[in-house]
Amino acid sequence: RLVLNEFDSLFSEMEDMNDVEMVNMVIEDSVLEFLKLLNSDLIIPGFTFGVNVNGIKTKVYGGFRDNDGNSIEKDTMFDIASITKTFTQVILYNLVNNKVLNFDDKITDLHPRFKNIGDVTIRDISTFSVILKTLERIDSKRNIEEARKCLFSVYPEKVGIYEYNDLGMMILKEVMEYKTGLTYEKLLEQYIVKPLELDRTKVNIPELLKSKITGSPNIDIGMVNDSGANTLGGYSGHAGIWSSNDDLIQFGEGIINGIIVPEDMIKNFYYPSSFYEVRGIAGNTFVPNKELVRYIGKTSPLKAFAVQGSTRTQLNVQKSNLYKAASTILLNTAILDKETIKKLEKEKGIKIRSEFEKDFGKFNLNDIKKLGTLLAIDFEN
């Protein structure tokens, strides 16, 4: 609405501009106006909004990437949290296409350490149609091997019921590494980073890029805002990827244009699932739904999906006969400093921040979902 209002009032003044200049001007003015409307209680230290429609790209970014006042830059990398699951699904689809794996393969036949998982298949996991449990919490373990041992204790509580969870993607990571002999990092490089020529998408942050990351209370040590991923070494299939606005948009376009997901498998990737109609067959993707709007509009074309992460990151992709569009919302509320969190905890009477001490060091977790609820932030709308 703000964009259209801007066009109405400014169109006569923009006759000499080309399409790209016009769009950039309107989007920037509109986003800045939107930011003014944000309630002062909405704690968003820094942000990047990006849009690419039919090749016309625009990006608005601002605020701070850390608590020392360093600014968000155009290539700042955010902790994308559960959007990592979509990267894992893309790797899986490629391994299925290359006949390394099959959707109907049983996990227990693929990896000898998953002894309690019964007849659960890759399809059950990729569609999120199984309730999974471990004997203990993974993030309660002191080191990576203990955490992996805990993961290998996973068992199905019920199959055939949709449940959004982290364990399934953790399992897929272990299976894919075991069957290929490659690390998740190498698989990410082979099937996504290299084909799309991404230079700001990583699971291990080199020293030179530590000044480029945001969205986690652990950016000083290059760790994400996820206790499970960090206990397993920093990334675990469900979380752990850092990515920039440009890379995320390119990733989304790479899926819907058939570049990194085989063309004949794309519909399967975002088509509504029989288990939960607002989700796609890749069970972490949201899809257009006439009855219930979740992260994606009712009027979106059939070729559309959205994915989101708990750190308040989101990617939307759409494709119709008239246009191709991808957009991101990347916020970094998770960098909030300890004192600010303590103040909020005292005011609201609820625990937001947790500290974890492991054999390999200390890290923090800010529960941004809980924080969002406290501050009445409706990120779905």
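Up top is the structure these notes are about.
Please read all numbers here as calculations on a predicted model, not as lab measurements. (Residues numbered from 1 in each chain as written. Predicted model: local features only at pLDDT ≥ 70, side-chain atom pairs only at ≥ 80, totals over all residues. Heavy atoms only, no water.)

Asks: In this structure, what is going on with the overall build of the protein? I would like to understand it.
Replies: Along the protein, the regular secondary structure elements total 13 helices and 13 strands. Intrachain contacts of the protein at a sequence separation of at least 6 include 61% that bridge at least 24 residues. (Helix = DSSP H or I, 4+ residues; strand = E, 2+ residues; numbered from the N terminus. Contact = heavy atoms within 4.5 Å.)

Asks: Would you mind going over the sheet that holds strand β9 (residues 303-309) with me for this structure?
Replies: Through backbone hydrogen bonds, the strands of a sheet pair up, either in parallel or in antiparallel fashion. Across the sheet, which stays open at both edges, the 5 strands sit in the order β2-β1-β11-β10-β9 with antiparallel pairing between neighbours. Either end of the sheet is taken by a strand with one partner, and the two such strands are β2 (56-63) and β9. The average angle at which neighbouring strand axes cross in this sheet is 5°, direction not considered. Pairing of strand β1 (residues 46-53) with strand β11 (residues 324-331) involves 7 bridges; the strand directions are antiparallel. The partner of F49 across the bridge, within β11, is I329. (Pairing = 2+ DSSP bridges. Axes fitted to C-alpha atoms, helices over the stretch in contact; angles between N-to-C directions.)

Asks: Help me understand unusual backbone geometry in this model?
Replies: Peptide bonds are mostly trans, and most non-glycine residues show a negative phi. The phi dihedral of N54 falls on the positive side, at around 50°, and the residue is not glycine. Counting through the fold element by element, N54 comes out in the loop between β1 and β2. Residue A81 is not a glycine yet carries a positive backbone phi of 50°. For A81, the position within the fold is in the loop between β3 (77-79) and α3 (84-97). According to the relative accessible area criterion, A81 is buried, its value standing at 6%. (Buried < 20%, exposed > 50% of the residue type's maximum accessible area, 1.4 Å probe, protein only.)

Asks: Explanation requested: the side chain of D79 in the structure shown.
Replies: Its location among the elements puts D79 in strand β3. Here D79 occupies a buried position and makes no salt bridge, while the nearest side chain of opposite charge, K85, is found at 11 Å. The contact partners of D79, leaving out residues within four places of it in the chain, are T214, G215, S216, V224, N225, I241, W242, T311 and T313. (Lys, Arg positive; Asp, Glu negative; His and termini not counted. Salt bridge = Lys/Arg side-chain N within 4 Å of Asp/Glu carboxyl O.)

Asks: Honestly, the pattern of salt bridges in this entry has me stumped. Any pointers?
Replies: Under the defined criterion, the tally for this structure stands at 17 salt bridges. In this structure, D246 engages K59 in a salt bridge whose closest nitrogen and oxygen atoms are separated by 3.0 Å. With D246 in helix α10 (residues 245-256) and K59 in strand β2, this pair connects stretches of sequence that are 187 residues apart. Looking at K59, the relative accessible area reads 21%, which means it is partly exposed. We note a salt bridge from R200 to D75, for which the minimum N-O separation is 3.4 Å. Within this pair, whereas R200 is found in the loop between α8 (184-196) and β6 (201-202), its partner D75 is found in the loop between β2 and β3, the two being separated by 125 residues in sequence.

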